[in-house]
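# Topology and contacts: notes
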Amino acid sequence: MAKTAQEKLDAKREKAYYKKHKNMYKVKPSDIVFNIINYTIFTLFTITCIYPFWYLFINTISDNEKVGRGEVNFYPKGLTVQNYWALRNVADLGNSFIVSISRTIIGTALMVLASAFVGYLVTKQEMWHRSICYRFLVITMYFNAGLIPGYMNMVMLGLTNNYLVYIIPGIVAPYNIILVKTYIESIPAELEESAFIDGASYLVVFRHIIWPLSKPILATIAIFGAVGHWNSFQDSLIYMANTPKLYTLQHRLYVYLNQTSNLGSLVSSATTAEQAKNIAAQQLSGQVIKYTISMVSVLPILMVYPFMMRYFEKGIMLGAVKG
Amino acid sequence: MAKKEKVARGASDYLFWVYRLLIALSAVFIFMPNLNPIRVIDKIDPNIALFTAAFSYSSLVQKVGLLLRLGTVKETVFIIAYVGAIVILVGVVLLVAGACMSLGNILLQRLAAVFSMIGSGIGVIGCMVELIANHTVRVEKYNNPTADFYAMTPIGLKLFLIIFALILIISIALRVMLPSGADLEEYEMEPKYKLFLMFLPFGLLAFVFCYLPLWGWRYAFFDYQAGGTLSADNFVGFKWFGYLFKNAATRVDVLRVMRNTLIMSFLGIATSWLPMVFAIFLTEAKSEGFRRFVQIFTTIPNFISWVLVYALALSIFDTTGFINQLRVMIGSLPKDVEGPNYLMSTSAIWIKMWAWGTWKGIGWSAIIYIAGISGIDQQLYEAATVDGAGRFQKMWNITVPGLLPTFFVLLLMAVAAILSNGLDQYLVFQNAMNEKQIKVLDLYVYELGLGGGGSIPLSTVVGMFKSIISVILLFGANSISKALRGESII
């Protein structure tokens, strides 16, 4: 396609401009120095962020004797999965795993459903005392009765030492409701109105119009909710004092990390007889088992991480828009 | 004729409000342990509410196992009480359904009246069952006067009986007063009430888990022991508030905890510009791939729990951790000597805790600034380049002013949260060596109340102060924001 005269003229002018201001666009030595320093610092910091995970990982998949001699520092030596296999003997770990996974799935699903539905309801201007109802929810973000009154409340409701305490209090999440509400308000109102004219009820509109259209924001809150559930430690610590069976994985890991008695005995009984005699080896494999449990509890996060990337900015930017 | 109907309707409207209020009261009362109508014998746990008792028989009898085994009380008593609890609960559920329906048209309202008649009738029956249980206990006590229990007629029982009776009368009256509504064809409700009723369950959840805990502040005024009860006998007024300042040991603790809390918060606030700098310099890197690489991996730590951060810290800084292995490798630590555990050291705890927090959060916090930078008009930079501005001049004169509003909001939020450092980080890193420097307010409250400190009232008092000061700070920050920027942050 031939260029128009105007475009030719523009190109010419641009060239002339760059010629005139050549010095400004030249790479100066100071730029090179800046870039080297800048790239180096960021690379170093990034390494400090990922290296601990890598170190933990290579220690869990290396030969325990080599780990004991301190040889495994940068890459795995003597690959083995025996540490992961040995986890099956660690008491209560399976329980905690089930608790954590189930609360993540159930808790997140209910939270997302509730947030979507309530987020939709509070966009309806005709709701009876809508603004009071909405504020009633939003205010809860800004005050907190405190840890002990909250605990006594759960005792009163019979929710301590009860699996439901992981699920029910998290269903209504005001912050997520705000996010969903803000998102739904951006959906053209005409879509809903035409459905109402056709005689659809609120529930039908929610199910067939609002829910499908707000999937991006729902995915965002689902991911963040799931990470929150998976990482939850405090509720297990506070409400499950007498029920170790119901500890979450993070709480279980905390208990193991603080345990001075060695987990190694669990492992050695499962491996070889000579090892069982070697107390040092036992203590060491106790250490490695702690690493392995840590690795298992971080793995799901690392696995969903690539999916989360897409929702980072959306999540954090929407957070800035409060309504 | 029409006018008369309207008058009757007006009266029934008022009556409906009384009716809904009473039903709401009965619904709240089933969550109150003090008003548990089924505590017909003193051995039933005073800390459980009707709602809990009706859901699990085991919670009802958890404190009477010994009594049952010894056979001093027949289990029948508890079974009767339990059945009564369920019956009362069913009654209340029907009443709530009635109250919801009473928001509809006349047909629905008439149905509501029927529902509440049945509901309150069932409720009264439930109360009768409790009276029977009560009577059974009395008979048992009469037969065995030395036994270690006594019969009680709980206040809650009388209260529920009164409420149920009132509702019964009102709903009969309503049923009589309401016009037949024969001209209406369908059960209908105005959309505004429909929406409200759909919202109600979620509002109730928020009430139960966010507002109801405020009721727990009453523990601050009692001499409460774990597992005990609150009564006029152990009411101590403001004793614990004074105790906090008068008791020397507690005062020293609180002052130390406040020092730690404020120092660590101030460290965070004083360096809250770091994520902004991180973002500005990262966007200076020309390579898109490099920027993504850095962003991806520096954000990971934000998504792992503090327990895992501690596990990583152990693997790096423990006696056999990475640092000590490295020292052995380069020869600064003899091979057979056990290296130091850096996590047990007492030096610079505040700085270390700040560093962990920054390590975990900086990549994540930078995202909002990176997004902010991409929103700045590129023409500004071009114009500045033409005018001969250097790299740093552009950063300082264009990027920083562009990001300041965001920075300002986040700074105010941080100031408002100055007392809330969170519990997890300090709990996991705490050990016998560093506990004097590491204990922050949240951790102190936890340990005082639940973690072996064993003083629930005192811990509640500290928590109350924290909550109130936090709310004041938040509103203060908000009015500063309004005055300076004309925008509120909450």
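Quick caveat, the model's predicted, so the values are computed rather than measured. Residue positions within a chain follow its written sequence, with the count starting from 1. Each chain gets a letter, beginning with A, and each ligand a number, beginning with 1, in the order they are written. Totals for whole chains, interfaces and linings use all residues, but because this is a predicted model, local features are given only for residues with pLDDT of at least 70 and pairs of side-chain atoms are given and counted only at 80 or more. Each side-chain value is derived from all of the structure's non-hydrogen atoms; neither hydrogens nor water enter the calculation.

## A closer look at the overall build of chain B
Each helix is a run of DSSP H or I of at least 4 residues and each strand a run of E of at least 2, with the numbering of both proceeding from the N terminus. Along the backbone of chain B there are 21 helices and zero strands. Here the C-alpha radius of gyration of chain B, 32 Å, is well above what a compact globule of 490 residues would show, namely 23 Å. Taking the principal axes of the C-alpha coordinates as reference, chain B spans close to 90 × 70 × 45 Å. With a 1.4 Å probe rolled over the protein chains alone, any residue whose accessible area is under 20% of its type maximum counts as buried; one over 50% counts as exposed, and the rest are partly exposed. Relative to its 490 residues, chain B shows a buried fraction of 49%. What makes two residues a contact is simply this: any of their non-hydrogen atoms within 4.5 Å. Partitioning the intrachain contacts of chain B with sequence separation of at least 6 by distance along the chain shows that 69% fall at a separation of at least 24. Carbon and sulfur atoms provide 68% of the accessible area of chain B, an area that totals close to 23100 Å². Both definitions apply: the radius of gyration is a C-alpha atom measure, and the globule rule equals 2.2 Å times residues to the power 0.38. Using a 1.4 Å probe, accessible areas were evaluated by the Shrake-Rupley method; residue-level cover was limited to the displayed protein chains.

## Comments concerning the overall build of chain A
When its secondary structure is counted, chain A shows 17 helices and zero strands. For chain A, the proportion of its 323 residues judged to be buried stands at 48%. Here chain A displays about 16100 Å² of accessible surface, and carbon together with sulfur accounts for 65% of that area.

## Remarks on the interface of chain B and chain A
Contacts between the two partners involve 96 residues from chain B and, on the opposite side, 90 residues from chain A. Joining two parts hides part of their accessible area as seen by a 1.4 Å probe, and the buried area is that hidden amount summed over both. Between chain B and chain A, roughly 8400 Å² of surface is buried when both sides are summed, and carbon and sulfur atoms account for 78% of that area. Interface area lost by chain B to chain A is led by L195, F199 and F303 of chain B, which between them contribute 9%. Salt bridges are identified by distance alone: a Lys or Arg side-chain nitrogen within 4 Å of an Asp or Glu carboxyl oxygen. Inspection of the region where chain B meets chain A yields one salt bridge. With a closest N to O distance of 3.0 Å, D31 of chain A and R391 of chain B form a salt bridge. Any N or O atom pair separated by 3.5 Å or less is treated as a polar contact, with the protein-specific requirement of one donor-capable and one acceptor-capable atom, and with residues adjacent in sequence counted only for side-chain atom pairs. One can count 18 residue pairs in polar contact (both at pLDDT 80 or more) joining chain B with chain A. The greatest single-element share of the side of chain B that touches chain A, amounting to 16 residues, is contributed by helix 8 (residues 191–211) of chain B.

## Considering the domain arrangement of chain A
Each domain span listed reflects an automatic or database assignment of domains. Its domain assignment divides chain A into domain 1 (5–82) and domain 2 (91–258). On a C-alpha basis, the centroid separation for the pair domain 1 of chain A and domain 2 of chain A is 39 Å.

## Examining the packing of aromatic side chains
Think of it this way: a Phe, Tyr or Trp ring, Trp meaning its six-membered ring, pairs with another when their centres are within 6.5 Å, and the plane angle makes it stacked under 30 degrees, edge-to-face over 60, tilted otherwise. Scanning the entire structure with this criterion turns up 52 aromatic pairs over all chains. An angle of 70° between the planes, with centres 6.1 Å apart, marks the rings of Y305 of chain A and F303 of chain B as edge-to-face. Taken together, the residues span two chains, with Y305 of chain A in helix 17 (residues 279–320) and F303 of chain B in the loop between helix 12 (288–299) and helix 13 (306–317). Judged by centre distance (5.7 Å) and plane angle (40°), the rings of F160 of chain B and F164 of chain B are tilted. With a gap of four residues between them, F160 of chain B and F164 of chain B both fall in helix 7 (residues 155–177), about one helical turn apart. With a relative accessible area of 0%, F160 of chain B lands in the buried category. F164 of chain B sits in the buried class, given a relative accessible area of 0%. The positively charged end of K360 of chain B is found above the aromatic ring belonging to W306 of chain B, 5.1 Å away from the centroid. A ring has a charge above it when a Lys NZ or an Arg CZ is no more than 6 Å from the ring centre and no more than 35 degrees off the ring normal.

## Some points on the environment of I50 of chain A
Residues and elements named next belong to chain A. Take I50: it is sitting in helix 3 (residues 29–60). For I50, a relative accessible area of 24% translates into the label partly exposed. Counting along the chain gives 145 residues from I50 to A195, while the straight-line C-alpha distance between them is 51 Å.

## Examining unusual backbone geometry
Residues other than glycine seldom take positive phi values, yet N161 of chain A does so here, at roughly 55°. In this structure, N161 of chain A sits in the loop between helix 8 (147–156) and helix 9 (174–185). Its identity as a non-glycine residue notwithstanding, A348 of chain B has a phi of 50°, on the positive side. Residue placement: A348 of chain B occurs in the loop between helix 14 (322–330) and helix 15 (349–374). Since its relative accessible area comes to 46%, A348 of chain B is described here as partly exposed.

## Comments concerning the pattern of salt bridges
On inspection of all chains with the given rule, the structure shows 12 salt bridges over all chains. Notably, a salt bridge pairs R256 of chain B with D253 of chain B, separated by 3.1 Å at the nearest N-O pair. Of this pair, R256 of chain B and D253 of chain B both sit in helix 10 (residues 248–270), three residues apart, which is roughly one turn of that helix. A residue is classified by how much of its surface remains accessible, and D253 of chain B, at 28% relative accessible area, is partly exposed. Salt-bridge contacts for K439 of chain B lead to E447 of chain B; the nearest nitrogen and oxygen are separated by 3.0 Å. Overall, the relative accessible area of 17% leaves E447 of chain B in the buried class. Connected through shared salt-bridge partners, D31 of chain A together with E284 and R391 of chain B make up one network.

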